[in-house]
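A closer look at the structure
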There are 2 protein chains.
Amino acid sequence: MSNFELCPRFEGAVAILSQRWTALILYQLMYGPGRFCTMTEQLGVSGKILTERLKSLEKQNLVHREVFPETPVRIEYSLTEKGMSLLPVMKEIEKWSQEWIEIN
Amino acid sequence: MSNFELCPRFEGAVAILSQRWTALILYQLMYGPGRFCTMTEQLGVSGKILTERLKSLEKQNLVHREVFPETPVRIEYSLTEKGMSLLPVMKEIEKWSQEWIEIN
């Protein structure tokens, strides 16, 4: 470990992924674009927090927000290329969790 | 996304990894066993927080603490098999961060 130096890029990635709900939201959107109400229901997160997180993810260019001019208006969230490229990370977390995380 | 169901195992893994400092500590220990003082220095984390995190990681069977009866006593932290098996996750985060995280 003596030569270890913490890479600021790695630290930056961890800072994004470790914000509460963020990894779960990104993971969910890997299954396809989602509407706000479906997302809150499936994740069990409050609307207030989901709004905050989605805004932050949009700002970081991880999530794309699209407004469809229908009646009533439809808003969908999806992953950008940057967001989608987290798929291998999520897959490895998934694999690890299947092997090591026990549920009661 | 309509068929998405949040897997409690995945949620459990994310809960562990997203605790502040945890991913960085595990990442650091992948470079080899570490002593407390070296770890605080390299990570820039306070001794109080590192103590808390290491205790929690030991409890979760991710980190092993070994006491060497020398004078003065030497204490080393290393990854357990469960901790070590997070290597592919860390490698993918590393890869992603190299491609997508900008540093100023």
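Residues numbered from 1 in each chain as written. Chains lettered and ligands numbered in written order. Predicted model: local features only at pLDDT ≥ 70, side-chain atom pairs only at ≥ 80, totals over all residues.

Let's talk about the relation of the copies chain A and chain B
Overlay of chain A on chain B (RMSD 0.0 Å): rotation 180 degrees, translation along the axis 0.0 Å. One copy is carried onto the other by what is essentially a two-fold rotation axis. Among all C-alpha atoms of chain A, that of Ser18 of chain A lies closest to the rotation axis, at 1.9 Å. (Least-squares fit on C-alpha atoms with pLDDT ≥ 70 in both.)

Considerations on the environment of Gly83 of chain A
All names here are of chain A. Position of Gly83 relative to the elements: it lies in helix 5 (residues 81-84). Separated by 53 residues in sequence, Gly83 and Met30 have C-alpha atoms that sit 8.6 Å apart. When near neighbours in sequence (up to four residues on either side) are disregarded, Gly83 contacts Leu26, Leu29, Leu62 and Val63. (Helix = DSSP H or I, 4+ residues; strand = E, 2+ residues; numbered from the N terminus. Contact = placed C-beta atoms within 7 Å.)

Let's talk about helix 4 (residues 47-59) of chain B
Residue and element names in this part refer to chain B. Helix length check: helix 4 (13 residues) gives 18 Å between terminal C-alpha atoms against 18 Å at 1.5 Å per residue, within 8%. Looking at helix 4, one finds that the buried residues are Arg53, Leu54 and Leu57. Along the axis of helix 4, the buried positions cluster into a sector of 100 degrees, meaning they face one direction only. Exposed side of helix 4, more than 90 degrees from the buried face: Lys48, Lys55 and Lys59 are the residues found there. Where helix 4 is buried, its residues touch helix 2 (22-29), strand 2 (63-68) and strand 3 (74-79). Backbone geometry just after helix 4 places Asn61 at a positive phi near 60 degrees. (Expected span 1.5 Å × (residues − 1). Buried ≥ 20, exposed ≤ 12 C-beta atoms within 10 Å, placed from the backbone. Arc of directions from axis to C-beta.)

Section: the sheet that holds strand 2 (residues 63-68) of chain A
Residue and element names in this part refer to chain A. Sheet architecture is open: three strands sit in the order 1-3-2, paired in antiparallel fashion. Each edge of the open sheet is held by one strand with a lone partner, namely strand 1 (34-35) and strand 2. Pairing of strand 2 with strand 3 (residues 74-79) involves six bridges; the strand directions are antiparallel. The residue of strand 3 that forms the bridge with His64 is Ser78. Together, strand 1, strand 2 and strand 3 form the strand contacts of helix 2 (residues 22-29), whose direction differs from that of strand 3 by roughly 100 degrees. (Pairing = 2+ DSSP bridges. Axes fitted to C-alpha atoms, helices over the stretch in contact; angles between N-to-C directions.)

Let's talk about the nonpolar core
In this structure, Ala13 and Leu26 of chain A together with Ala13 and Leu26 of chain B are the most contacted members of the largest nonpolar core, which totals 50 residues. Dropping the residues within four chain positions of it, Leu26 of chain A is found in contact with Leu62, Leu79, Gly83 and Leu86 of chain A. (Core = buried A, V, L, I, M, F, W, Y, C linked by C-beta atoms within 7 Å.)

Quick word on the sheet that holds strand 2 of chain B
Residues and elements named next belong to chain B. If you walk across this open sheet you meet the three strands as 1-3-2, and the pairing is antiparallel. Each end of this open sheet is capped by a strand with a single partner; those strands are strand 1 (34-35) and strand 2. Along the sheet, helix 2 contacts strand 1, strand 2 and strand 3; its crossing angle with strand 3, the most-contacted strand, is approximately 100 degrees.

A closer look at the interface of chain A and chain B
Listed per partner, the contact involves 39 residues of chain A and 39 residues of chain B. Where the side of chain A that touches chain B is concerned, the elements lending two or more residues are helix 1 (8-17), helix 2, helix 3 (36-43) and helix 6 (87-100) of chain A. The greatest single-element share of the side of chain A that touches chain B, amounting to nine residues, is contributed by helix 6 of chain A.

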